[in-house]
Amino acid sequence: MSLVEVDSIYRAFGNVQAVNGLSFSIDQGQIVGFIGANGAGKTTTMRMMVTLEVPDSGAIRICDMDVLDHPREVRKLIGWMPDHFGGYPNMDVLEYLDFYARAFGLKGKERRRQLDDILAFTDLDVLAERPCDRLSKGQTQRLCLGRALLSDPEILVLDEPAAGLDPKARIEFKNLVRLLADRGKTLFISSHILSELGEMCNHLLFIDQGRQVHQGTADSLKYHKAEGGLTVRMRCNGDGLRFDQWLAGQTHIKATKKDDDMLEIHITHDDNKDSCLVLAETIRSLVEAKVEVFEFHRIERRLEDAFVDILGDLN
Ligand SMILES: Nc1ncnc2c1ncn2[C@@H]1O[C@H](COP(=O)(O)OP(=O)(O)OP(=O)(O)O)[C@@H](O)[C@H]1O
């Protein structure tokens, strides 16, 4: 069952059409990356999902409940991490989380247990008494995530959570996302940095000017339209005679010599055929032809290049 169903939503600000007929759904346990350039409409979409903005038309259902008809119930199901930190001066980390825990209606032992769990999960237990305005960017993001987790929501909507993080903090954040996925949470994460989401998410949704332009897995995108086939870099033993003989019998494979004894082969195949099977067949055929293969690896396109291609196709 889809936990989130977004059905043809529109939202304009004056003459700016921020979201323009967007539809998508998110299944339980999915980690969906929401990608688009600055101003593409990501934050507006997310704000509508978490009941902070009202669509001009269209509908959003969370766990089969319309967000406009059931805002209170929906808010309990969603943890929202905005792209800016609304900190309070003179509050330390524990006070901050405790304040929100009380706002969520958590009481007594349950509140204490939830705070302990979140402080441990986000590694902020050692910083519990640190004033919020004295945290690093990475620590602040972890605090924001902790706040979003207070109500133990089913779904987490995270707006640009990794923006401005250094590589170490980004890895730490990615690990937290994985742990949340292991706990069965459903995540919807926005970014304009594709590579960041490609590693974290099992599904990607691309928007441009408020419209969906593509959706699929990171892998499907990396190999999307890769010149109508697969590209493999390989190196083999000997003078290359066996390879040349093998190649002469392969009508669907072309090879180019690269530096360092590397060969680049391009395998054309029917789009409906599983590309992993095509690779397996190629390897089997090389082995049968007694070509001694030392290296064999598929070339992935950068997600950014694939995205630029998709946008190019639309224009
Ligand atoms: N409250 C508002 N008033 C007027 N225009 C707005 C408002 N909120 C968003 N917009 C406009 O709507 C468009 C989409 O903005 P939105 O913040 O949803 O994009 P985004 O993809 O999240 O961008 P970014 O990555 O820069 O955060 C932009 O042109 C923005 O200027």
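Residues numbered from 1 in each chain as written. Predicted model: local features only at pLDDT ≥ 70, side-chain atom pairs only at ≥ 80, totals over all residues.

1. Some words on the nonpolar core
Grouped together as the largest cluster of nonpolar side chains are 66 residues, with contacts concentrated most on Val-157 and Leu-187. Ranked by residue count, the leading element in this core is helix 5 (residues 137-149), at five residues. One finds Val-232, Met-234, Ile-265 and Ile-267 within the second-largest nonpolar core, a separate group that totals five residues. (Core = buried A, V, L, I, M, F, W, Y, C linked by C-beta atoms within 7 Å. Buried ≥ 20, exposed ≤ 12 C-beta atoms within 10 Å, placed from the backbone. Helix = DSSP H or I, 4+ residues; strand = E, 2+ residues; numbered from the N terminus.)

2. Some points on helix 3 (residues 93-103)
Listed in full, the buried residues belonging to helix 3 are Val-93, Tyr-96, Leu-97 and Ala-101. Considered in projection along helix 3, the buried side chains sweep an arc of 135 degrees and stay on one side of the axis. Counted as exposed and oriented over 90 degrees from the buried face of helix 3: Arg-102 and Ala-103. On its buried side, helix 3 packs onto helix 4 (108-121) and helix 5. (Arc of directions from axis to C-beta. Contact = placed C-beta atoms within 7 Å.)

3. What to know about the site of the ligand
Phe-13, Val-16, Ala-18, Gly-36, Asn-38, Gly-39, Ala-40, Gly-41, Lys-42, Thr-43, Thr-44 and His-192 make up every residue found near the ligand. Broken down by element, the shell around the ligand gets its largest block of residues, three residues, from helix 1 (residues 42-49). Class assignment for the residues of the shell around the ligand results in four nonpolar, seven polar and one charged. (Near = placed C-beta within 6 Å. Nonpolar A, V, L, I, M, F, W, Y, C, P; charged D, E, K, R; others polar.)

4. Examining the pairing of strand 11 (residues 229-236)
As judged from the six bridges shared by strand 11 and strand 13 (residues 263-268), these two strands associate in the antiparallel manner. Paired with Arg-233 across the bridge in strand 13 is Glu-264. Sheet analysis places strand 11 next to strand 14 (residues 293-298), joined by five bridges and oriented antiparallel. Among the inter-strand pairings, Cys-236 is bridged to a residue of strand 14, identified as Val-293. (Pairing = 2+ DSSP bridges.)

5. Quick word on the sheet that holds strand 8 (residues 186-191)
Across the sheet, six strands lie side by side as 6-7-8-3-9-10; this open sheet has mixed pairing. Because the sheet does not close on itself, it has two edges, and the strands there are strand 6 (78-81) and strand 10 (211-216). Between one strand axis and the next, the sheet turns through 15 degrees on average, direction left out of account. Pairing analysis gives four bridges linking strand 6 to strand 7 (residues 155-158), with the strands arranged parallel. Its bridge partner lying in strand 7, Met-81 is registered against Leu-158. Along the sheet, helix 5 makes contact with strand 6 and strand 7, crossing strand 6 at roughly 160 degrees. (Axes fitted to C-alpha atoms, helices over the stretch in contact; angles between N-to-C directions.)

6. Brief notes about the confidence of the model for the protein
For the protein, per-residue confidence averages 88 on the pLDDT scale, and 96% of positions sit at 70 or higher. Quick note on the complex model: pTM equals 0.80, ipTM equals 0.97. (pLDDT = per-residue confidence, 0-100.)

7. Brief notes about unusual backbone geometry
One non-glycine residue with positive phi stands out, namely Thr-51, at about 70 degrees. Locating Thr-51 in the fold gives a position in the loop between helix 1 and strand 4 (57-62). We classify Thr-51 as partly exposed; it has 18 C-beta atoms within 10 Å. With a phi close to 50 degrees, Glu-160 is a non-glycine residue in the positive phi region. Along the chain, Glu-160 falls in the loop between strand 7 and helix 6 (167-182).

8. Some thoughts on helix 4
Because an α-helix packs 3.6 residues into every turn, residues spaced three or four apart end up facing the same way. For helix 4, built from 14 residues, the straight-helix expectation of 20 Å at 1.5 Å per residue is met to within 8% by its first-to-last C-alpha distance of 20 Å. Listing the buried residues of helix 4 in full gives Gln-114, Leu-115, Ile-118 and Leu-119. Looking down the long axis of helix 4, one finds its buried residues gathered within 130 degrees of arc, a one-sided arrangement. Counted as exposed and oriented over 90 degrees from the buried face of helix 4: Lys-109, Glu-110, Arg-113 and Ala-120. On its buried face, helix 4 is in contact with helix 3 and helix 5. One or two positions beyond helix 4, positive phi appears at Asp-123, with a value near 60 degrees. (Expected span 1.5 Å × (residues − 1).)

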